[in-house]
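Each chain is listed here by its residues.
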Amino acid sequence: VKLVQEAEGVPILAHPMQYHMNVQELGLLITKLKEAGLIGIEAIYSTHSDADERMIRRLASRYGLLISGGSDFHGSNKPGLDLAVGYGKLYVPSSLLDDIRTASLHL
């Protein structure tokens, strides 16, 4: 988190379901990262199920974090995963970016 802040970035926890933690473990991680300056969590992600997204959104609400989303596109090393749409169904509202931009002005 500190390195992201030093680079004038916005600290957001990326694809939390990929950490294979239960809700309690993830809550502990979020607590520690929030104390360090975390402001958001990626709820909308290419491989998240609807249940995953709902759970991450609940965590975001509980810990006062913003929501982000992304396709995790990294080029040809992830076949079938396309920029901005993930595996075809990803939709990230632009309002989420507006909220992140606003929050970044206060970092």
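Not measured: the values here are computed from a predicted model. (Residues numbered from 1 in each chain as written. Predicted model: local features only at pLDDT ≥ 70, side-chain atom pairs only at ≥ 80, totals over all residues. Heavy atoms only, no water.)

Broken down by element type, the chain carries 4 helices and 3 strands. Going residue by residue from the N terminus, the α and β elements of the chain occur as α-β-α-β-α-β-α. For 107 residues, the compact-globule formula gives about 13 Å, and the C-alpha radius of gyration of the chain, at 14 Å, lands near that figure. Dimensions of the chain along its principal axes, counting C-alpha atoms only, are 35 × 30 × 25 Å. (Helix = DSSP H or I, 4+ residues; strand = E, 2+ residues; numbered from the N terminus. Rg over C-alpha atoms; globule rule 2.2 N^0.38 Å.)

Okay, the environment of Gln 24 next. Note on placement: Gln 24 falls in helix α2 (residues 23-36). Among the residues examined, Gln 24 registers a relative accessible area of 58% and is labelled exposed. (Buried < 20%, exposed > 50% of the residue type's maximum accessible area, 1.4 Å probe, protein only.)

Another point: the confidence of the model for the chain. On average, residues of the chain score 90 in pLDDT, and 100% of them are at 70 or above. Highest mean pLDDT in the chain belongs to strand β1 (residues 12-13) (97); lowest belongs to helix α4 (residues 94-104) (90). (pLDDT = per-residue confidence, 0-100.)

So, about the nonpolar core. The biggest cluster of nonpolar side chains holds 15 residues, and the ones touching the most others in it are Ile 30, Ile 41 and Ile 56. For this core, the secondary structure elements donating two or more residues are α2, β2 (40-45) and α3 (50-63). No other element matches α3, which puts 4 residues into this core. Discounting residues that sit within four places of it in the chain, Ile 30 has contacts with Leu 13, Leu 38, Ile 41, Leu 59, Tyr 63 and Leu 65. (Core = buried A, V, L, I, M, F, W, Y, C linked by side-chain atoms within 4.5 Å. Contact = heavy atoms within 4.5 Å.)

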